[in-house]
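Each chain, letter by letter, is given below.
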Amino acid sequence: MASEIHAHHGLGEPYKRKEDARFIRGQGTYVDDVQLPGMLYGDIVRSPYAHALIRNIDSSEAMKVPGVVAVITGKDLEAAGLAWMPTLSADMEAVLAVDRVLYQMQEVAFVVATSRYAAADGVAAVDVDYEPLPVVVDPKKALDPEAPLLRPDKKEKQPTNQIYHWETGDEDATNAAFAEAERNGVVIKQDLYIPRIHPAPIETCGCVANYHKATGKLTVWLTSQAPHAHRTLFAMVAGLPEHRIRIISPDVGGGFGNKVPIYPGYVCAVVASVTTGKPVKWIEDRSENIGSTGFARDYHIHAEIAADKDGMVNALRVHTLADHGAFDAAAQPTKFPAGLFHICTGSYDFKHAFVDVDAVHTNKAPGGIAYRCSFRVTEASYLIERMMDTLAHDLGKDPAQLRLQNFIKPEAFPYRSALNWTFDSGNYEGALHLAMKNIDYEALRQEQAEKRARGELMGIGISTFTEIVGAGPGKHFDIAGIQMFDSCEVRVHPTGKVLARIGVQTQGQGHETTFAQIIAAELGLSPDDVDVEHGDTDTAPYGLGTYASRSTPVAGAATALAARKVREKAKKIAAYLLEVGEEDLEWEPGRFFVKGAPAKGKTIQDLAFAAYTNCPPYLEPGLEAVNYYDPPNLTYPFGAYICVVDIDRGTGMVHIRRFMAVDDCGTVINPMVVEGQIHGGLTQGLAPAMYEELAYDADGNILAGNFQDYLIPTAMETPLWETDRTVTPSPHHPIGAKGVGESPTVGAPQAIVNAVVDALAHVGVRHIDMPLTPWKVWNILKEKGLTSD
Ligand code: MCN
Ligand code: CUM
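In the nomenclature of an unreviewed UniProt entry, the protein chain corresponds to Carbon-monoxide dehydrogenase, large subunit from the organism Ktedonobacter racemifer DSM 44963. The record in UniProt for the protein chain states the following under Cofactor (unreviewed entry): "Mo-molybdopterin cytosine dinucleotide".

Listed below in structure tokens is the structure:
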């Protein structure tokens, strides 16, 4: 396989993104751009309470509002058998609350009207009689035997608020290693909280559902990261035949995991269209998006490392309390890919590890599912990188040296981790050395010492993370029995131009460009000659969608292999036309020629034309292929990030002076696209480190339900990202590529937190939980007597 990697031309080119031609002209088509004749508009009545019984819903006044056509309640859905929808875990989620609400903003009724305004007026006129109940916001209190039971509907299987206890690793061996370290080495312990945050895509969620009564066909334009999977879920929820459901995910304005689950609004719009026989549009507003759709993180972690006195790590022990909110939308670590927490041993050669997670319900919006990539990779990576720094701090060692000492060595791959996952390839020391050289680490340490002597606060933070992406081999893991494959169909037209369709769905990642590059490289064409389509379930081959940075690892592999099938057939046609055996042919990009007679050859264009006009009698005419690819393993990209901060002693403001990011995602298809992914991803790693937190008060009220209170960084707050790369191909991927879309978000926060803690380590600061707001930092400075006037 490795020799083939070098045979590709076109890969590695910073080819300009094809999709930008329409985006920069404002000619993209997003769900809200879809206008259909006679279309109705939906809006949702949401609960103002975090926990309450619903005594009555009176929609009589709402029905009098001019333009209001229907009000759908949970009871209506229940009567139709549609009150509950599947999540990505074992739980079911209420589409509309029937007799109780479990979080603020929960969906209670759906108003359908002839305009968006009339629908909003109708929502205001629905009279819901609530009886407030005691609220559980703190997950620790959810486990209190006195705590109110939040999910009486699950009482038989789940008598408390605990959803599950999950564990992995060898507990006895790990405990023995800790006992030994207590005697002869060191044990470090730290509590870490990773706050609940929200993906905040520019485009909120929404859909247009159009049920055609005469044909029985339902078409749904949907903000979806996984159109085929959503089609299957709709078929299951609504009981409609799957071939009469068409999901079209048009241009999507960012997903970041937010558009992986299905949401009640989608189901309501479908029900409303089926009932009224008219198209129904539902587009949520910003506060609805922040308050009620897919959040991530919210992990309370206690981590411990057992090491020898020299800092060689031996064992890792982690206990987590996971707050899943009212419904367990996903993130059950036993289920793949929601539980990629197994990567928590990181880049280090731990001999033993034991990890357990207790998950609980609280009166918060459901989820714990995704956000670049909280299939628990961000949490895992944050904890190990914080712990390595804490170990270095406690031993008085340089954090870079401690890491170099403990890395899994390049020759140890494929590497079986203590939690039994096989890392495909890596060169961690290569990446860290490059980052240290680029940023002149030694000089920075010297500068820090000088500044410290002058009373200035400067910190250097390192994160040498290992990611795990590419959901991911269906033979070993499953979500509800579905294999985790993906697909590509390549169709070469007679003139040698190509139409390809893929089973994954871009939300801004540039698949129309990079997947064209893969095919172009395999067939020796220009990427201009290849158009890539996706997102329409009536035309694209079945695929499981884009998340867990799986498009390149899985669909990218399918794409290369489909193109190779095409090339194999073209070879047979070439042999026929050139009247030689296939074994006498050689391939150079774009052309087969006869060995030893390079002038005698046929271009891929010649062969495409012949496929439709002069095909050998023993072959079917045409030149196309489809590949469904179920990968043998996940891919394990990695990186080394170094962050330099200065802290203002007057205000507690943290200023990121430099941030050097070295990433390794194996073979790079398009360096410009990858750099764009890294810039965006680093900014989304900066966000939770410094600004974002989806906080609730004790009554379950959302404290940051809009962009004035929920602080996403703008260009003003974003530092200049410096990037570089090493290339360690994946040995099992056809072109050696690993995913990269989530790496920077996974790797960045801990580099920033490590830098801030490093700046304050000399006064005894050992840890600060995110977000590192000026107020939080200033209070620490004050406590340590460091504030200046
Ligand atoms: N790429 C490449 N060479 C590689 C790896 C990737 O050129 N070795 C290219 C890919 O071909 C693709 C892009 O980089 O065009 C990202 O690829 P990949 O890592 O495979 O990730 P996915 O395409 O599967 O995207 C998903 C990932 C996830 S899960 C989140 S969350 C996220 C992210 O991508 N959401 C995004 N990046 C995002 N970027 C934008 N603009 N919008 C989102 O919603
Ligand atoms: Cu992990 S968030 Mo992305 O997988 O859509």
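After that view of the structure, there is still more to cover.
An account of the coordination of the copper atom of ligand 2 is requested, with residue identities and associated values reported.
Protein ligation of the copper atom of ligand 2 involves Cys373 (SG) and Glu742 (OE), the donor distances falling in the range 2.4 to 2.5 Å. Geometry at the copper atom of ligand 2 is irregular, judged from the four donor atoms that bind it and their angles of 69 to 161° at the metal. With Cys373 in the loop between strand E17 (352-360) and helix H11 (377-395) and Glu742 in the loop between strand E30 (721-725) and helix H19 (743-760), this pair connects stretches of sequence that are 369 residues apart. We note that Cys373, like Glu742, is buried.

Lay out the sheet that holds strand E6 (residues 100-101) with the relevant residues and their values.
Spatially, three strands are ordered E6-E2-E8 in an open sheet, and the strand pairing comes out antiparallel. The open sheet has two edge strands, E6 and strand E8 (127-132), and neither has a second partner.

Mind laying out the site of ligand 1, listing which residues take part and the relevant values?
Residues in contact with ligand 1 amount to 33 residues; listed here are only the nearest, Gly255, His511, Ser551, Thr552 and Val740. Between ligand 1 and Arg372, the relevant distance is 3.3 Å, taken from a nitrogen atom to a side-chain nitrogen or oxygen of the residue. A distance of 2.7 Å is found between an oxygen atom of ligand 1 and a backbone nitrogen or oxygen belonging to Gln509. Taken by itself ligand 1 offers 840 Å² of open surface, and the protein chains cover 96% of this. Elements that contribute at least two residues to the shell around ligand 1 include exactly helix H15 (511-523), helix H16 (551-578) and helix H18 (671-690). Split by domain, the shell around ligand 1 shows at least three residues from each of two domains, domain 1 (2-27 + 485-629) and domain 3 (296-472 + 633-783).

Lay out the domain arrangement of the protein chain in plain terms, naming residues and giving numbers.
Partitioning the protein chain into structural domains gives domain 1 (2-27 + 485-629), domain 2 (34-133 + 203-253 + 259-292) and domain 3 (296-472 + 633-783). The centre of domain 1, based on its C-alpha atoms, is set 37 Å off from the matching centre of domain 3. Of the roughly 2,000 Å² buried between domain 1 and domain 3, counting both surfaces, carbon and sulfur atoms make up 67%. Viewed at the interface, domain 3 and domain 1 are joined by zero salt bridges.

Break down the pairing of strand E7 (residues 107-113) for me, citing the residues and quoting the values.
With respect to burial, E7 is a largely interior element, seven of its seven residues being buried. In this structure, strand E1 (residues 40-46) lies alongside E7, joined through six bridges in antiparallel fashion. In the sheet register, Tyr41 faces E7, and the bridge partner there is Ala113. Across five bridges, strand E3 (residues 68-73) lies against E7 in antiparallel orientation. Residue pairing across strands places Val71 opposite Val111, the latter belonging to E7.

I'd like to hear about the site of ligand 2, residue by residue, with values.
Taken together, 13 residues lie near ligand 2, and Gln225, Arg372, Cys373, Ala548 and Glu742 sit nearest. Here an oxygen atom of ligand 2 sits 2.5 Å away from a polar atom, N or O, in the main chain of Ala548. Here Glu742 contributes a side-chain N or O atom positioned 2.9 Å from an oxygen atom of ligand 2. When grouped by side-chain class, the residues that make up the shell around ligand 2 number eight nonpolar, three polar and two charged.

Run through unusual backbone geometry, naming residues and quoting values.
Glycine aside, negative phi is the norm for most residues, and most peptide bonds take the trans geometry. Cis geometry is found at the peptide bond from Arg372 to Cys373, where omega equals -15°. Of note, the amide linkage connecting Met770 to Pro771 takes the cis form, showing an omega dihedral of -10°. Structurally, Pro771 can be placed in the loop between H19 and helix H20 (774-783). We note that Phe256 has phi near 55°; this positive angle belongs to a residue other than glycine. Phe256 sits in the partly exposed class, given a relative accessible area of 28%.

Residue-level account of empty space enclosed by the protein, with values.
Scanning the entire structure with this criterion turns up three cavities of 30 Å³ or more. Roughly 130 Å³ of internal volume is contained in the largest cavity. As for the largest cavity, its lining consists of 18 residues, of which Glu93, Pro261, Ile262, Tyr263 and Ala329 are closest to the centre. Of the residues belonging to the lining of the largest cavity, the class tally is 11 nonpolar, six polar and one charged. No fewer than three residues from each of domain 2 (34-133 + 203-253 + 259-292) and domain 3 (296-472 + 633-783) sit in the lining of the largest cavity. As for the second largest cavity, its lining consists of 14 residues, of which Phe23, Asp251, Thr506, Gln507 and Gly508 are closest to the centre. A per-class count over the lining of the second largest cavity returns three nonpolar, six polar and five charged. Looking at which domains feed residues into the lining of the second largest cavity, each of domain 1 (2-27 + 485-629) and domain 2 (34-133 + 203-253 + 259-292) supplies at least three.

Give me the lowdown on the pattern of salt bridges, citing residues and values where you can.
Applying the stated criterion to the full structure yields 50 salt bridges. Across the salt bridge formed by Lys497 and Asp529, the nearest N and O atoms sit 2.9 Å from each other. Here the residue Lys497 occupies a position in the loop between strand E21 (486-492) and strand E22 (498-502), and Asp529 occupies one in the loop between H15 and strand E23 (530-533), the gap between them amounting to 32 residues. Several salt bridges converge on common partners, so that one network encompasses Glu489, Arg491, Arg501, Glu533 and Glu624.

Break down helix H12 (residues 399-406) for me, with residues and values.
When you tally the buried positions in H12, you get six out of eight residues, the bulk of the element. Restricting attention to buried positions, one finds in H12 the residues Pro399, Ala400, Leu402, Arg403, Leu404 and Asn406. Looking at the buried positions of H12, the neighbouring elements they touch are strand E16 (313-323), H11, helix H13 (428-439), helix H14 (441-453), strand E20 (457-463) and H19. The N-cap of H12, judged by a side-chain oxygen 2.7 Å from the amide nitrogen of Ala400 a few residues on, is Asp398.

Rules used in this analysis
Residues numbered from 1 in each chain as written. Chains lettered and ligands numbered in written order. Predicted model: local features only at pLDDT ≥ 70, side-chain atom pairs only at ≥ 80, totals over all residues. Heavy atoms only, no water. UniProt positions renumbered as here; feature names shortened; annotations may be inferred. Donors = N, O, S within 2.8 Å, 3.2 Å for Na, K, Ca; no water. Tetrahedral: all angles 85-135°; square planar, octahedral: opposite > 155°, others 65-115°. Helix = DSSP H or I, 4+ residues; strand = E, 2+ residues; numbered from the N terminus. Buried < 20%, exposed > 50% of the residue type's maximum accessible area, 1.4 Å probe, protein only. Pairing = 2+ DSSP bridges. Near = heavy atom within 4 Å. Polar contact = N/O pair within 3.5 Å; in protein donor to acceptor, adjacent residues only side chain to side chain. Areas by Shrake-Rupley, 256 points an atom, 1.4 Å probe, with all protein chains shown as cover. Domains from an automatic or database assignment. Buried area = accessible area lost by both parts, 1.4 Å probe. Salt bridge = Lys/Arg side-chain N within 4 Å of Asp/Glu carboxyl O. Nonpolar A, V, L, I, M, F, W, Y, C, P; charged D, E, K, R; others polar. 1 Å grid on protein atoms, 1.4 Å probe; cavity = no way out; pocket = protein on both sides within 12 Å on 5 of 7 lines; lining within 4 Å. Points joined across faces, edges and corners; volume = space filled by probe spheres on them. Contact = heavy atoms within 4.5 Å.

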